[in-house]
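# Observations on chain architecture
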Amino acid sequence: QVQLVESGGGLVQAGGSLRLSCAASGRTSSTYVMGWFRQAPGKDRDFVAAMTRSGTSYYADSVKGRFTISRDGAKNTVSLQMSSLKPEDTGVYYCAAARSFNSVLVESTSQYDYWGQGTQVTVSS
């Protein structure tokens, strides 16, 4: 089992920056890929970014050039640096991890085995 805990959410103005972090504990060897999803009220949970243990990263088109994902293997953490934030970035951000990985399904919630409880990000206009 893997436990994931997000932190770093908050309220920021449009154009600002925010850094989210996710700490993994338990069987951390099972986190072959770790990533981030977000969900606005009344909407589906959408893919944001992910990174494999070897360092390959993936991004949703809506965040490319603005968000950067990183992993620290020694600390068992994954971070999401968000810049040039827009009101449409508002939502609950969830950390996720998978024991195995198929890049074709990187954006599918069903591929991920473990989920954090989420952290709220609100971008004001």
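The sections below set out a description of the structure shown in this document.

Counting its secondary structure elements, the chain contains zero helices and eleven strands. From first element to last, N terminus to C terminus, the chain shows the α and β order β-β-β-β-β-β-β-β-β-β-β. Computed over the C-alpha atoms, the radius of gyration of the chain is 13 Å, within 12% of the 14 Å expected from 2.2 N^0.38 for a compact globule of 125 residues. Put simply, the chain has 125 residues, and 39% of those count as buried. Sequence separation of 24 or more characterises 58% of the internal contacts of the chain that already satisfy a separation of 6 or more. Approximately 6,300 Å² of the chain is accessible, and the part contributed by carbon and sulfur atoms is 45%.

Backbone geometry places N76, a non-glycine residue, at a positive phi of 55°. You can see N76 is positioned in the loop between β7 (67-72) and β8 (77-82). With phi around 50°, S84 is a residue other than glycine that occupies positive phi space. Here S84 lies in the loop between β8 and β9 (91-98).

This part covers the nonpolar core. Membership of the largest hydrophobic core comes to 34 residues, with the highest contact counts inside it found for L4, W36, L80, M82, Y93 and Y112. Sequence-distant contacts of Y93, defined by excluding residues within four places in its chain, comprise E6, L20, W36, F37, R38, V48, F67, L80, M82, G118, T119 and V121.

A word on the state of the cysteines. Counted under the stated rule, the structure contains one disulfide. Note that C22 is cross-linked by a disulfide to C95, the S-S spacing being 2.1 Å. Taking the sign of the S-S torsion, about -80° here, the bridge from C22 to C95 comes out left-handed. One end of the pair, C22, is in strand β3 (residues 18-26); the other, C95, is in strand β9, and 73 residues separate them in sequence. With respect to burial, C22 and C95 carry one shared label: buried.

Calculation criteria
Residues numbered from 1 in each chain as written. Predicted model: local features only at pLDDT ≥ 70, side-chain atom pairs only at ≥ 80, totals over all residues. Heavy atoms only, no water. Helix = DSSP H or I, 4+ residues; strand = E, 2+ residues; numbered from the N terminus. Rg over C-alpha atoms; globule rule 2.2 N^0.38 Å. Buried < 20%, exposed > 50% of the residue type's maximum accessible area, 1.4 Å probe, protein only. Contact = heavy atoms within 4.5 Å. Areas by Shrake-Rupley, 256 points an atom, 1.4 Å probe, with all protein chains shown as cover. Core = buried A, V, L, I, M, F, W, Y, C linked by side-chain atoms within 4.5 Å. Disulfide = S-S within 2.5 Å.

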